[in-house]
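Remarks on the overall topology
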There are 2 protein chains.
Amino acid sequence: MKTADCILQQVIIRNGFWSEIRETVRREGIPYQWKALNDQVEGAEPSYCMRNFRVAAGKEPGKHGGLVFQDSDVAKWLEGVAYTLSWHPDAVLERTADSAIDDIVAAQQPDGYLNTYYTINGLDKRWTNLMDNHELYCAGHMIEAAVAYYKTTSKRKLLDAMLRYVDYIDSMFGGEEGKLKGYPGHPVIEMALMRLYELTQNERHLKMAQFFIKQRGQSPLYFEQESIDNNRESEWLQGPLKFAYYQADKPVYEQKDAVGHAVRAAYLFSGMVDVARVKNDSLLQKTCESMWRSIVERRMYITGAIGSSAHGEAFTFDYDLPNDTAYGETCASIAMVFLAGRMLKTRICGTYADVMERALYNSVLSGMQLDGKSFFYVNPLEVLPEACEKDERKKHVKAQRQPWFSCACCPPNFIRLIASLENYAFSADDQSLFIHTYLNSDVSCMVNGTGVKVRMETDYPWNGNVKLTLSLDEPASFELALHIPGWCKHYGIKVNGEAVRSDSKDGYHRMRKEWKHQDTVELTLSMPVTIVRANPRVYEDVGKVAVTRGPIVYCLEEADNGPDLHLIRLQGVTAEDFKVSYHPDLLGGVAALSSPAIRETCDGWDENTLYADDGEGRMENVTLQWIPYFAWANREAGEMRVWVRE
Amino acid sequence: MKTADCILQQVIIRNGFWSEIRETVRREGIPYQWKALNDQVEGAEPSYCMRNFRVAAGKEPGKHGGLVFQDSDVAKWLEGVAYTLSWHPDAVLERTADSAIDDIVAAQQPDGYLNTYYTINGLDKRWTNLMDNHELYCAGHMIEAAVAYYKTTSKRKLLDAMLRYVDYIDSMFGGEEGKLKGYPGHPVIEMALMRLYELTQNERHLKMAQFFIKQRGQSPLYFEQESIDNNRESEWLQGPLKFAYYQADKPVYEQKDAVGHAVRAAYLFSGMVDVARVKNDSLLQKTCESMWRSIVERRMYITGAIGSSAHGEAFTFDYDLPNDTAYGETCASIAMVFLAGRMLKTRICGTYADVMERALYNSVLSGMQLDGKSFFYVNPLEVLPEACEKDERKKHVKAQRQPWFSCACCPPNFIRLIASLENYAFSADDQSLFIHTYLNSDVSCMVNGTGVKVRMETDYPWNGNVKLTLSLDEPASFELALHIPGWCKHYGIKVNGEAVRSDSKDGYHRMRKEWKHQDTVELTLSMPVTIVRANPRVYEDVGKVAVTRGPIVYCLEEADNGPDLHLIRLQGVTAEDFKVSYHPDLLGGVAALSSPAIRETCDGWDENTLYADDGEGRMENVTLQWIPYFAWANREAGEMRVWVRE
């Protein structure tokens, strides 16, 4: 690892686009989800999450409730709480979190094991179903929570408990004789161990992460043997995916495409990037690059959503991106941010930040209602509410966000990402401060011993004007590197009011110089409305266009444009025909677009004639209103579509 | 019932389009399927069909094999055999059928009951699962076989057995106190009892059919009570369809739309039409009309296929007609022919014959490979073979016909329809002979005691020229009524070489006169290529067109046009740009079409760029070859599509 001479110290996100969302998460999301974890959301099925820990600790009688990975929802919530406490101290919330940690740690076994499902249902069965029962997954999330909570509060209770658990896992798994040669059916512990390693610098933590990655898919297949030994038939072994569902059909080095369950895949790849970077493992890094390209070049929606199929919440095949039956799990888009952020730490390249923004501003944000109290698990690009009710192919698609889920992985995942957004918006490396996306903020860093503060002022993503003002204890040499998004064809940049040459490289405008107190940088990203086409190989989008502006993908909703959105055509409409206007009262404040369009009418057609050779529809001129995709379904249920006919 | 003064006596179908298919059915299909019923098809799972009868009769040891309705496959085969024997006597085949009947009747119980599943698994359980276990369905098919076999061979063995079974069913079911108030989960016995009634004129047979129809969906719901009594949870009661899956959520008189399982629906409606006609029940007839309209005006594919969804093999909602995930079961299209044929017996109306032709020449015929030895269960209108393998939404869609199915309802259903085609091509009523579709044939009928023979000569469906030559013992007054299909905008008609006025009414050109020996009628149906649009409410077809000529729907196949059929556009192409040519060596002899088109190329697009604002595809001019939809998938597996972009 390079020595980081530029060290990020603190980021304060100030009033603006993201602070509003983060405040919703903090004020509404965190208390609401705590209620859900404690079975206090009216009308929602109990989650049993916190109760499971008390039952496992013997504090309460009862059975295990919910899914095998119910513990992980608590862990993700706690991790999110840790991040919010770092930017908004709150003694009451911290006491709540402490009490949750008390309940969690009370359920830990003397040998370090900590999992309510097996503790309640029989410890003799633990580690017998790595493939489907998520023990290492729950451990991974709890490790991440422990690290985050320790970093914010300096409280060691959960961290120490997890270090004991990790020691125990280390004693059970590994290449050494007598140890289990298994790995998690659902990755995440790889990333978590790397997070732990970053804190502890304990080589055993790194080695464990490496083991789980390198052992995966080795012959003989651990999952296959485990299934035989326990006479078990996993659902996924019946269909065409088989072990590829788990990204475990072959060693990761031999995998060519992103396959199987999309969240598992992106979590695994994220852990792989961490290990590759720290170990300088160029072969593993190459594998990560090819997985990245498989996703973003051939298997990703324009919104940054991944996972085309509800079956297995999975990737399917190249260019197979149906809009109306899309899965696009919120967690999978969150995982794309994790992955992109890690790719950026390995190599600065605008594509990584482009994809990160694509996911963040679109399919991640769409995961939460503007009020913070309901959620999308699935993020389609086209919705016909009647079809969601009556068409089995679309039963996973909801036209409105739900208050909670029996499998509630997405809501707390959303919290932990949004509450730690600064870790993705910025990074520092060697003598450089990188800004990957733009938001009102104060970034404090230490450059070669000099304190540097960068104040950023912007209305991004609603326009492309960004102003940076530097505060320095004394002049300092370092590089300021600004992401020039792929969608931006022209940008201008001024330093202290003087235009400098726009010569971005690999998606970043890099300025290495001696910076002084009160230096300013003004970046102007040209952010026109853009009409986007999909590669013709994407057969579901052929003859259609999408409309974007900056990082925001737009959509049409029935609330603005009436029903039968399939009858709308943009034939002959150009980007110049679009008008942009900011509406402070619409959907929490968004830049909406209006455009002309034509609309086929059904006038010429009897309702009772299905097919005719003389029934060419009449066209009428209409004006469309476009809203950001992430804000859809915040009004009454209705149709929505991103890809519109040309 | 009106007295039929014109009585159809015999139809001989001569060399031509249909005789070739019927010969394939007779020579290949019947022996092949007999092998399948006897577990002798190599590479196919055993069907256990005939063995079940021997096991039930105690002739062989063993368990019941296959599905609960396995008996019905034998019945349908036998019915088909009966029809072929009527136009092609075959002593060897008849002996085979006799031996099958021996095995069937040997399994009959002393009380008349005849069902191998319950006989083998426990007679104490019979009639406890009318909803899902198909006892009355199997009885219905066996009744149809018995009537058909008796009518061809005058052999009473199976008929007498089924009369005993019907007596027993009559003793168990009915409105009288102490009888079961149930009805079949899968209709067909209604049609069968009406077929039996037509033969026996036994009012009890009619009354039973009426009972099953009128009892259906009455409160309290029989199926609901049966499920509670037996503590059973049917799959269909979990989803949104519930009892509507069985068309049993409310009494048939109160049903407004065609819902649920498409085959069940069309069989039920067919039985209802029979009862309504015989009983002159105008309310029931009105219900039938509204069910018919629900299907053909809002829920039917252009190929005549019905059932949009694989889930429940069911109707979904108005205008929901996805092409790539279509179900369109072959049996459902066959059922549409049954239904249309019955509607025509109630009222002569061209729409009924139009829909009958639409189904017959397209989605029925597509059910069988040209060699008669493999079959489609599902008939999609758009296929991408890779998606059928890798996309769970399309796993029911096959790119190639299959040798057999564990649920093998379609292949023998195909046989029994095609082998009795004359019953749908012609009908007689009062003093009229109706010709609903055109085929080389000799029709013999008796008009007021005078023998009349009509020889029909035509190349239909490849062109619209039809010549009728009459042979009469003596001049006779009767009406000759010729179907003028809905697709035909202009036709000419000559009697004895003299043009007569084209004044069709309700889709028929009716000529009531005194006909003499050697009178000729020459009909010329104008049969241009037609570019058809779907109602704009059909959102899956918007911006697309289909190509038809006469009753034939055409499609594009990869074998002729290369892959990526989604890139083909017919923009600006008119019907006049199409060329028609008959290819005797192509697909058994078909009229193929060629047309210009443009094709988007992927040249301007990097394989690794999913989205771009400057990536407008280049267009190239291509020439397309179109083949009849029914003949698709008779070459190598590849893409196919009916609806092509404009």
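What comes next concerns the included structure. (Residues numbered from 1 in each chain as written. Chains lettered and ligands numbered in written order. Predicted model: local features only at pLDDT ≥ 70, side-chain atom pairs only at ≥ 80, totals over all residues. Heavy atoms only, no water.)

1. Things to note about the overall build of chain A
Per the secondary structure count, chain A includes 18 helices and 22 strands. In terms of overall dimensions, chain A has C-alpha extents of about 75 × 70 × 50 Å along its principal axes. Across the 646 residues of chain A, 65% fall into the buried class. Long-range contacts, defined as pairs at least 24 residues apart, comprise 70% of the intrachain contacts of chain A with a sequence gap of at least 6. Total accessible area computed for chain A in this model is approximately 23000 Å², and 46% of it derives from carbon and sulfur atoms. Side chains of chain A give 71 positive and 89 negative charges; the mean places of these two sets differ by 4 Å. (Helix = DSSP H or I, 4+ residues; strand = E, 2+ residues; numbered from the N terminus. Buried < 20%, exposed > 50% of the residue type's maximum accessible area, 1.4 Å probe, protein only. Contact = heavy atoms within 4.5 Å. Areas by Shrake-Rupley, 256 points an atom, 1.4 Å probe, with all protein chains shown as cover. Lys, Arg positive; Asp, Glu negative; His and termini not counted. Charge placed at Lys NZ, Arg CZ, Asp CG, Glu CD.)

2. Observations regarding the relation of the copies chain B and chain A
If you rotate chain B by 180° and push it 0.0 Å along the axis, it lands on chain A with an RMSD of 0.0 Å. Such a turn and shift between the copies fits a two-fold axis. If distances are taken from each C-alpha of chain B to the rotation axis, the shortest is found for B:R393, at 3.1 Å. A symmetric contact is evident, with 100% of the interface residues of chain B recurring at the interface of chain A. (Least-squares fit on C-alpha atoms with pLDDT ≥ 70 in both.)

3. Here we look at the side chain of A:R533
Mapped onto the secondary structure, A:R533 falls in strand β13 (residues 529–534). There is a polar contact of 2.6 Å between the side chain of A:R533 and the side chain of A:E646. (Polar contact = N/O pair within 3.5 Å; in protein donor to acceptor, adjacent residues only side chain to side chain.)

4. What to know about the packing of aromatic side chains
What the rule picks out here adds up to 76 aromatic pairs over all chains. Ring centres of A:Y113 and A:Y165 lie 5.8 Å apart, and the angle between their planes is 80°; on these two criteria the pair is classed as edge-to-face. Placement of the pair is A:Y113 in the loop between α4 (91–106) and α5 (116–121) and A:Y165 in helix α7 (residues 157–172), with a sequence separation of 52 residues. Exposure class is identical for A:Y113 and A:Y165. Each is buried. Aromatic pair A:W292 and A:Y352: ring centres 5.1 Å apart, planes at 85°, arrangement edge-to-face. Of this pair, A:W292 sits in helix α12 (residues 282–298) while A:Y352 is found in helix α14 (residues 350–364), placing the two residues 60 residues apart along the sequence. On the basis of relative accessible area, A:W292 is assigned to the buried category, the value being 3%. With relative accessibility at 2%, the residue A:Y352 sits in the buried group. Each member of the aromatic cluster is reached from another via a ring pair, and the members are A:F17, A:W18, A:Y361, A:Y438, A:Y460, A:W462, A:W487, A:Y582 and A:F630. A cation over an aromatic ring shows up here: B:R22 above the ring of B:W87, its NZ or CZ 4.3 Å from the ring centre. (Phe/Tyr/Trp six-rings, centres within 6.5 Å; stacked < 30°, edge-to-face > 60°. Lys NZ or Arg CZ within 6 Å of the ring centre and 35° of its normal.)

5. Brief notes about the side chain of A:Q369
Residue and element names in this part refer to chain A. Here Q369 is to be found in the loop between α14 and β2 (382–383). Within the structure, Q369 has its side chain in polar contact with the side chain of N634 (distance 3.3 Å). With residues near it in sequence (within four places) discarded, Q369 still touches S374, R401, A633 and N634.

6. With respect to the interface of chain B and chain A
On the side of chain A, 64 residues touch chain B, which itself brings 64 residues to the contact. Note on chain B versus chain A: buried area summed over both sides is about 5200 Å², and carbon and sulfur give 55% of it. It is B:R393, B:L610 and B:Y611 that lose the most area in chain B upon contact with chain A, and together they represent 15% of the buried surface on that side. At the surface where chain B touches chain A, the tally comes to four salt bridges. Measuring nitrogen to oxygen at the nearest pair gives 2.6 Å for the salt bridge that ties A:D613 to B:K489. Inspection of the region where chain B meets chain A yields 26 residue pairs in polar contact (both at pLDDT 80 or more). For the side of chain B that touches chain A, the elements supplying multiple residues, two or more each, are α13 (282–298), α16 (385–390), β13 (529–534) and β19 (611–612) of chain B. Split by residue class, the side of chain B that touches chain A holds 26 nonpolar, twelve polar and 26 charged. In terms of strand pairing, β13(A) meets β19(B) through two bridges, oriented antiparallel. Residue pairing in the sheet places A:R533 in a bridge with B:A612 of β19(B). (Buried area = accessible area lost by both parts, 1.4 Å probe. Salt bridge = Lys/Arg side-chain N within 4 Å of Asp/Glu carboxyl O. Nonpolar A, V, L, I, M, F, W, Y, C, P; charged D, E, K, R; others polar. Pairing = 2+ DSSP bridges.)

7. Quick word on the environment of B:G122
Residue and element names in this part refer to chain B. Secondary-structure assignment places G122 in the loop between α5 (116–121) and α6 (135–153). The exposure class of G122 is buried, given its relative accessible area of 15%. Note: C-alpha distance between G122 and P628 (506 residues apart in sequence) is 49 Å.

8. Looking at empty space enclosed by the protein
Residue and element names in this part refer to chain A. The tally for this structure, following the rule as stated, stands at seven cavities of 30 Å³ or more. By volume, the largest cavity amounts to about 130 Å³. Those elements that place two or more of their residues in the lining of the largest cavity are β2, α15 (385–390) and β21 (640–641). Partitioned by chemical class, the residues of the lining of the largest cavity number seven nonpolar, one polar and five charged. Estimates place the volume of the second largest cavity at around 100 Å³. Residues of the lining of the second largest cavity, tallied by class, amount to five nonpolar, one polar and five charged. (1 Å grid on protein atoms, 1.4 Å probe; cavity = no way out; pocket = protein on both sides within 12 Å on 5 of 7 lines; lining within 4 Å. Points joined across faces, edges and corners; volume = space filled by probe spheres on them.)

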